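Spelled out from the first residue to the last, the chains are:
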Amino acid sequence: MASEKISSDSRFSGKKIIIVHGYTASPSSNWFPWLKEKLTEQGAEVIVPAMPESSAPKPEAWAKRLMDIVPEADENSIFIGHSLGCITVLRHLESIRSQHLHIGGFILVSGFDSPQATLPELNSFIVEPLDYDFLRKVTEQRISLISSNDDIVSPQASLDLAHALQTEVMNVANGGHFIYRDGFTRLLPVYDILENMLSE
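Keep in mind that what you see is a predicted model, and the values were worked out from it rather than measured.

1. Quick look at the confidence of the model for the protein
- Per-residue pLDDT for the protein has a mean of 94; in total, 96% of the residues score no lower than 70.
- The model gives residues 1–7 a pLDDT under 50, and that stretch makes zero contacts with residues more than four places away or in other chains.

2. Focus: helix 7 (residues 188–199)
- Taking 1.5 Å of rise per residue, the twelve residues of helix 7 would be expected to cover 16 Å, and the 17 Å separating its terminal C-alpha atoms lies within 8% of that figure.
- Looking only at helix 7, the buried set comprises V190, Y191, I193, L194 and M197. Along the long axis of helix 7, the arc covered by the buried residues comes to 155°, so they all point the same way.
- On its buried face, helix 7 sits against strand 1 (16–20), helix 2 (32–41), strand 3 (77–82), strand 4 (105–109), strand 5 (142–147) and strand 6 (168–172).

3. Things to note about the nonpolar core
- F79, L90, L93, I103 and F106 are the most contacted members of the largest nonpolar core, which totals 35 residues.
- The set of elements that each furnish at least two residues to this core consists of strand 1, helix 3 (59–69), helix 4 (84–95), strand 4, helix 5 (132–137) and helix 6 (155–165).
- No other element matches the six residues that helix 4 contributes to this core.
- Every residue in contact with F106, bar those within four places of it in the chain, is listed here: F79, L90, L93, L135, V138, T139, Q141, R142, I143, L165, T167 and M197.
- The next biggest cluster of nonpolar side chains, apart from the first, holds 27 residues, and it includes L39, A44, I80 and V109.

4. Overview of the packing of aromatic side chains
- Here the structure, examined in full by the defined rule, presents four aromatic pairs.
- Relative to F125, the ring of W62 has its centre 5.8 Å away and its plane inclined at 75°; by these criteria the two rings are edge-to-face. Taken as a pair, W62 in helix 3 and F125 in the loop between strand 4 and helix 5 lie far apart in primary sequence, 63 residues in all.
- Since its relative accessible area comes to 0%, W62 is described here as buried.
- Note on F125: relative accessible area 5%, which makes it buried.
- Above the ring of F134, the side-chain terminus of R97 is found at 4.0 Å from the ring centroid.

5. Observations regarding the pairing of strand 6
- Where strand 5 lies against strand 6, five bridges are found, and the strand directions are parallel. Along strand 6, the bridge assignment pairs I143 with E168.
- As for the winding sense of the linkage, the β-α-β connection from strand 5 through helix 6 to strand 6 is right-handed.

6. Observations regarding the pattern of salt bridges
- Here the structure, examined in full by the defined rule, presents eight salt bridges.
- Note that K137 and D133 form a salt bridge whose closest N and O atoms lie 3.0 Å from each other. Pair noted here: K137 and D133 are both in helix 5, with a separation of four residues, about one helical turn.
- A cluster of three or more residues bridged by salt bridges with shared partners is formed by D133, R136 and K137.

7. Observations concerning the environment of V48
- Tracing the chain through its elements places V48 in the loop between strand 2 (45–47) and helix 3.
- For V48, a relative accessible area of 12% translates into the label buried.
- It is 20 Å that separates the C-alpha atoms of V48 and F112, two residues lying 64 residues apart in sequence.
- Setting aside chain neighbours within four positions, we find V48 in contact with I19, P27, F32 and K36.

8. Re the packing of helix 3 against helix 4
- Relative orientation of the contacting elements helix 3 and helix 4 amounts to 60°, with a least axis distance of 10 Å. The orientation of helix 3 with respect to helix 4, classified from their angle, is oblique. Relative to helix 4, helix 3 is oriented so that their crossing is right-handed. The residues of helix 4 that touch helix 3, namely those facing W62, L66 and M67, are L84, T88, V89, H92 and S95.
- The class makeup of the residues in the contact of helix 3 with helix 4 is five nonpolar, three polar and no charged.

About the cut-offs
- Residues numbered from 1 in each chain as written.
- Predicted model: local features only at pLDDT ≥ 70, side-chain atom pairs only at ≥ 80, totals over all residues.
- Heavy atoms only, no water.
- pLDDT = per-residue confidence, 0-100.
- Contact = heavy atoms within 4.5 Å.
- Helix = DSSP H or I, 4+ residues; strand = E, 2+ residues; numbered from the N terminus.
- Expected span 1.5 Å × (residues − 1).
- Buried < 20%, exposed > 50% of the residue type's maximum accessible area, 1.4 Å probe, protein only.
- Arc of directions from axis to C-beta.
- Core = buried A, V, L, I, M, F, W, Y, C linked by side-chain atoms within 4.5 Å.
- Phe/Tyr/Trp six-rings, centres within 6.5 Å; stacked < 30°, edge-to-face > 60°.
- Lys NZ or Arg CZ within 6 Å of the ring centre and 35° of its normal.
- Pairing = 2+ DSSP bridges.
- Right-handed = clockwise from strand over helix to strand, strands pointing away.
- Salt bridge = Lys/Arg side-chain N within 4 Å of Asp/Glu carboxyl O.
- Axes fitted to C-alpha atoms, helices over the stretch in contact; angles between N-to-C directions.
- Parallel < 35°, antiparallel > 145°, perpendicular 65-115°, else oblique.
- Left-handed = near helix turned anticlockwise from the far one by under 90°.
- Nonpolar A, V, L, I, M, F, W, Y, C, P; charged D, E, K, R; others polar.

Take a look at the structure:
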């Protein structure tokens, strides 16, 4: 039994997992502390950077913060973005691009790369189109988590991004925007996705 416990607790050993929060959020918001604690207990290095001025975010400042914290990535690196964090992650992957860049995977929770009627103040993040072809090649493990009744990011916008990136799509009924006010202090589907990545 003891050996089983050790092996279970170290299942994410050697993995670096970067969780990028969204607009008006912080590392202590929503399900981020729960996921960080759970993964850290199982051997992962987990980074949840506090993105600058999250209530009035600027793409250049967010890009710089991520570059300062994660200047490179490899097959042991897994990125998780929530909402605005998704396009921030994708742009970061483009900025550290090389013909050899290959990461462990990325998970997009309520992602978007098109104007949102509810979030016109974030349009500066989506002026330039993403290089979908490059982003499809950096990993085979590409997953989008989409809620059927997201009232902040259009589920269709999340689906459009998923199709452009050819991600696997996991639909969650009535998950809202996967934030605290929708009842999410934990987000088990993300943990399950990470476990599945290990078994691939």
